[in-house]
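Listed here are the chains, written in short residue letters.
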Amino acid sequence: MRAAQIHACGEPPVVAERPAPVPGPGEVLVEVLAAPITPLDLLCATGTSYFGTPPTPYVPGVQGVGTTGGRTVWFPTTAGMAPGDGSMAELAAVRESELVELPPGADPVAVAALGLSAVAAHQALGRRGGLEAGEQVIVLGAGGTVGQAAVQLARLAGARRVVAAARSATARERAARAGADAVVPLDTDDVGELAARFSAVLDGPADLVLDPLFGVPAAAAARVLRPGGRLVNLGGSASETSPIDSSTLRGRSLSLLGYTNNELTPGRRAAAITEIAEHSAHGRLSVVHETIALDDAGSAWRRQAVGAPSGRIVLSVR
Ligand SMILES: NC(=O)c1ccc[n+]([C@@H]2O[C@H](COP(=O)([O-])OP(=O)(O)OC[C@H]3O[C@@H](n4cnc5c(N)ncnc54)[C@H](OP(=O)(O)O)[C@@H]3O)[C@@H](O)[C@H]2O)c1
């Protein structure tokens, strides 16, 4: 079978023929249709992630969509986080208990593009962030995959106003297309200035911040939360640290929360994917993506590494 393989950590994958995987106990063989290239795939393949250095060679891809036994399924893998191969190949051996059957009408590429990024947005808003209908939400990094999904999911959950923030003009356009009521440019490192921009487009203090960025944007958004407001951080795309000040945090008894998909049970993950795929099938949820042939995985990976893709890259495997 054709497969993309990481031969050395820090290097992009190389596509070549290799033997088909042999399913172990409890596993089935999935014929892969679509596999996204995500920040997590790149992080794991650096060999410097908190999961440790993966043994090489390995097939990357922590998730994908494919067919098995006549069903179209979304599936997770632990590629790069534990020994074993992932989704960027014609065939993947996957634990049967972790397959999630897609509803009729769901497009495999669109669901692969949403995948675990949309799961993170869904869980960080709902389970972790406690979003309730009628609340006002700020979504940072709203042109990214997590952010676009979060804007739409906040709306679907009944948020009364969704204020987005994004860096590039393209990202701001995506946030607006996702349905944000207002979009704030992230083009300053001045926390006070950014907080003033948020206040100007909010309808009073915000209830919840969805934050894949941290850094200055998170510090500014925290300043416009109401007493008892919540900020859920799920990524550090802007910075590993944030100048959130103590007076903001304690003065309004804010809840500063973290979220990771790694804590999700397979059951919760499956329920989230099912809901996301239902929304996708009914045209209520989508993220900008581009489809690239598996054979071009190496160049696509390089573009993802420098932040150049126009939306989530999804490898089309068949
Ligand atoms: N905790 C979890 O379980 C979980 C799950 C999924 C993702 N994540 C994390 O969430 C983050 C976003 O993931 P994603 O899938 O949405 O990635 P993505 O689609 O690659 O989007 C990343 C976004 O971050 C923005 N960005 C990068 N550096 C920035 C900066 N210095 N200031 C402002 N914006 C900046 C980019 O803006 P431009 O478009 O303007 O370049 C882009 O829109 C990543 O850190 C990822 O690891 C966490």
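Residues numbered from 1 in each chain as written. Predicted model: local features only at pLDDT ≥ 70, side-chain atom pairs only at ≥ 80, totals over all residues.

Some points on the packing of helix α2 (residues 108-128) against helix α3 (residues 145-156)
1) Next: Look at α2 against α3: their axes get within 8 Å of each other, and the N-to-C directions meet at 50°. With respect to α3, the axis of α2 lies oblique. The two elements α2 and α3 cross, and the hand of that crossing is right-handed. Here Leu114, Ser117, Ala118, Ala120, Ala121, His122 and Leu125 of α2 come into contact with α3, specifically with Thr145, Val146, Ala149, Ala150, Leu153 and Ala154.
2) Next: The residue inventory of the contact of α2 with α3, partitioned by class, reads 10 nonpolar, three polar and no charged. (Axes fitted to C-alpha atoms, helices over the stretch in contact; angles between N-to-C directions. Helix = DSSP H or I, 4+ residues; strand = E, 2+ residues; numbered from the N terminus. Parallel < 35°, antiparallel > 145°, perpendicular 65-115°, else oblique. Left-handed = near helix turned anticlockwise from the far one by under 90°. Contact = placed C-beta atoms within 7 Å. Nonpolar A, V, L, I, M, F, W, Y, C, P; charged D, E, K, R; others polar.)

Digging into the pairing of strand β5 (residues 71-76)
1) Next: Summarising the sheet, strand β4 (residues 63-68) and β5 pair through six bridges and their orientation is antiparallel. Paired with Thr68 across the strands is Arg71, a residue of β5.
2) Next: Connecting the antiparallel pair β4 and β5 is a turn made up of two residues, with Gly69 showing a positive phi of about 55°.
3) Next: Relative to strand β7 (residues 100-101), β5 runs antiparallel, the two sharing two bridges. Bridging across to β7, Trp74 finds its partner in Val100. (Pairing = 2+ DSSP bridges.)

Comments concerning the sheet that holds strand β13 (residues 255-258)
1) Next: Sheet architecture is open: six strands sit in the order β10-β9-β8-β11-β12-β13, paired in parallel fashion. A strand with exactly one partner marks an edge of an open sheet, and here the two such strands are β10 (182-185) and β13. Adjacent strand axes in the sheet meet at a mean angle of 20° when their direction is disregarded.
2) Next: Two elements, strand β12 (residues 225-233) and β13, share four bridges in a ladder whose sense is parallel. Counterpart to Leu231 in the pairing with β13 is Leu256.

A word on the site of the ligand
1) Next: Around the ligand sit 29 residues in total, of which Ala120, Gly144, Arg167, Ser168 and Gly235 are the nearest.
2) Next: Classifying every residue of the shell around the ligand by side-chain character gives 13 nonpolar, 14 polar and two charged.
3) Next: In this structure, the shell around the ligand is formed jointly by two domains, domain 1 (2-101 + 288-316) and domain 2 (117-261), each of which donates at least three residues. (Near = placed C-beta within 6 Å. Domains from an automatic or database assignment.)

Some remarks on the domain arrangement of the protein
1) Next: Entries for the protein in the domain assignment read domain 1 (2-101 + 288-316) and domain 2 (117-261).
2) Next: Placing a centre on the C-alpha atoms of domain 1 and another on those of domain 2 gives a separation of 30 Å.

Side note on the packing of α2 against helix α8 (residues 266-281)
1) Next: Two elements in contact, α2 and α8, have axes whose closest approach is 9 Å; the angle formed by their N-to-C orientations is 125°. The angle between α2 and α8 falls in the class oblique. Relative to α8, α2 is oriented so that their crossing is right-handed. Note on element contacts: α8 touches α2 through Arg269, Ala272, Ile273, Glu275, Ile276, Ala277 and Ser280, opposite Ala110, Val111, Leu114, Ala118, Val119, His122 and Gln123.

A word on unusual backbone geometry
1) Next: Going from Thr56 to Pro57, the amide bond is cis rather than trans, its omega being -5°.
2) Next: Inspection of the secondary structure assignment puts Pro57 in the loop between α1 (39-46) and β4.
3) Next: Of note, the phi angle at Phe214 is positive, near 60°, even though the residue is not glycine.
4) Next: In this fold, Phe214 is placed in the loop between β11 (206-211) and α6 (215-223).

Describing the environment of Ala178
1) Next: Mapped onto the elements of the fold, Ala178 is located in the loop between α4 (169-177) and β10.
2) Next: C-alpha separation for the pair Ala178 and Val288, spaced 110 residues apart in sequence, amounts to 9.5 Å.
3) Next: In this structure Ala178 touches Ala142, Gln148, Val151 and Gln152, once residues within four positions along its chain are discounted.

A closer look at the nonpolar core
1) Next: In this structure, Val139, Ala164 and Leu210 are the most contacted members of the largest nonpolar core, which totals 104 residues.
2) Next: Tallying contributions element by element places α2 first for this core, with 12 residues.
3) Next: Ala164 has contacts with Val139, Ala142, Val151, Ala175, Ala180 and Val183, leaving out every residue within four places of it along the chain. (Core = buried A, V, L, I, M, F, W, Y, C linked by C-beta atoms within 7 Å. Buried ≥ 20, exposed ≤ 12 C-beta atoms within 10 Å, placed from the backbone.)

Topic: the pairing of strand β3 (residues 27-37)
1) Next: Inspection of the sheet shows β3 paired to strand β6 (residues 91-95) by five bridges, in the antiparallel sense. Considered in β6, the bridge of Glu27 is made with Arg95.
2) Next: Across three bridges, the pairing between β3 and β4 is antiparallel. Across the sheet, the residue bridging to Glu31 is Thr67, located in β4.

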